[in-house]
Amino acid sequence: MASETLRAPGRSLGEWLREITQEGLTGKLVVQRADGDRALYFVGGELYLSPEHPAFAAANAWVEESEPPAEDEAGEGETPVDAPPPPFKQLAGPILSLTAGSDEHDCTFESGAGQIPLDLAGPMPTRQLIMEFAVFGVDEPELLRRLGGDRVSMMARSGIEEAMGEVQLEPGEGFLLSRLDTPATVSELVSQLDLGREQVLRSLCRLHAVGLIVPAEQLGGA
């Protein structure tokens, strides 16, 4: 994707993140805001934050606490154990609140490794953030619109185990994925699952945002 300024109605920052991640791009995304431009950096489609970003401290904490201990930090004869990462909400909250993921934005993407400074924090859990952007500040009618309506048939993609390892699913989403081994319409899922209509729509939007589920017609499903 060449460097461009996009002023298209309905284009959200979450959609920018999704495209950059899917294409594995490297460069700088400049988000134009009323209180000043905000730069987000990407290396191979993964998000990094600069010291100027208000969420930089939270990003550094995420990276440091997510790294497994070094071998010399483990006890003698012990095997280092991966420590659980810090709660995702501690990182996502500041980023989402600062960027207003459900709003339209004017953005410029400047591609190339020359755009990347050396003092960045990352990588961030980019796909997890994309899932959050997909539902951040969105009401039930908009969730349904983003899915394409009640009659759209959804299905889980094959070979999603590796992708699932990169995200933390909310309660019920794993079961929803297993239910979508075979196609089902949005209305069928709402009526069959005891999760509440809005929660089903929210989960479907989150899963669809990172490609874990897609419209069945894309996979040749019924």
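A brief look at the structure comes next. Please read these numbers as outputs of a predicted model, since none were measured by experiment.

Conventions adopted
Residues numbered from 1 in each chain as written. Predicted model: local features only at pLDDT ≥ 70, side-chain atom pairs only at ≥ 80, totals over all residues. Heavy atoms only, no water. Helix = DSSP H or I, 4+ residues; strand = E, 2+ residues; numbered from the N terminus. Buried < 20%, exposed > 50% of the residue type's maximum accessible area, 1.4 Å probe, protein only. Contact = heavy atoms within 4.5 Å. Areas by Shrake-Rupley, 256 points an atom, 1.4 Å probe, with all protein chains shown as cover. Pairing = 2+ DSSP bridges. Polar contact = N/O pair within 3.5 Å; in protein donor to acceptor, adjacent residues only side chain to side chain. Salt bridge = Lys/Arg side-chain N within 4 Å of Asp/Glu carboxyl O. Axes fitted to C-alpha atoms, helices over the stretch in contact; angles between N-to-C directions. Parallel < 35°, antiparallel > 145°, perpendicular 65-115°, else oblique. Left-handed = near helix turned anticlockwise from the far one by under 90°. Nonpolar A, V, L, I, M, F, W, Y, C, P; charged D, E, K, R; others polar.

The subject of this paragraph is the overall build of the protein chain. A count of helices and strands for the protein chain gives nine helices and eight strands. Counting every position in the protein chain, which comprises 222 residues, the buried fraction comes to 42%. Within the protein chain, contacts between residues at least 6 apart in sequence are counted, and of these 74% link residues at least 24 apart. Accessible surface, the protein chain: about 11,400 Å² in total, of which carbon and sulfur atoms supply 49%.

A few words on the sheet that holds strand β8 (residues 213–215). Adjacent strands of a sheet form backbone hydrogen bonds with each other and so pair up, either parallel or antiparallel. The antiparallel open sheet is built from three strands, whose spatial order is β7-β6-β8. Here the strands that pair on one side only, and so sit at the sheet edges, are β7 (184–185) and β8. Bridge analysis of strand β6 (residues 153–156) against β8 gives three bridges, and the strand direction is antiparallel. Following the sheet pairing, Met-154 is matched in β8 by Pro-215.

Moving on, we get to the side chain of Thr-21. Within the secondary structure, Thr-21 sits in helix α1 (residues 13–23). The exposure class assigned to Thr-21 is buried, which follows from its relative accessible area of 9%. Of the polar contacts made by the side chain of Thr-21, one reaches the backbone oxygen of Gly-45; its length is 3.1 Å.

So, about the pairing of strand β3 (residues 38–43). Note: strand β2 (residues 27–32) against β3, five bridges, orientation antiparallel. Looking at β3, one finds that Val-31 is bridged to Arg-38. The hairpin turn running from β2 into β3, its antiparallel successor, is five residues long, and Gly-36 in that turn takes a positive phi close to 120°. Pairing analysis gives three bridges linking β3 to strand β4 (residues 46–48), with the strands arranged antiparallel. Looking at the pairing, Val-43 lines up with Glu-46 of β4. Between β3 and the antiparallel strand that follows it, β4, lie two residues; Gly-44 among them carries a positive phi value of about 60°.

In the structure shown here, the tally under the stated rule is ten salt bridges. Its salt-bridge partner being Arg-206, residue Glu-132 comes within 2.7 Å of it at the nearest N-O pair. Within this pair, whereas Glu-132 is found in helix α4 (residues 126–133), its partner Arg-206 is found in helix α9 (residues 197–209), the two being separated by 74 residues in sequence. As a salt-bridge pair, Arg-206 and Glu-170 come within 3.7 Å of each other at their nearest N and O atoms.

Our next topic: the packing of α4 against α9. Axis angle and axis distance: for two packed helices, these are the angle between their axes and the distance between the axes, and together they describe the pair. Contact geometry for α4 and α9: axes closest at 8 Å, N-to-C directions at 140°. Compared by their axis directions, α4 and α9 come out oblique. Crossing hand, α4 versus α9: right-handed. Taken together, the residues of α9 that come into contact with α4 (itself represented by Gln-128, Ile-130, Met-131 and Glu-132) are Arg-202, Arg-206, Leu-207 and Ala-209. In terms of residue class, the contact of α4 with α9 is built from four nonpolar, one polar and three charged.

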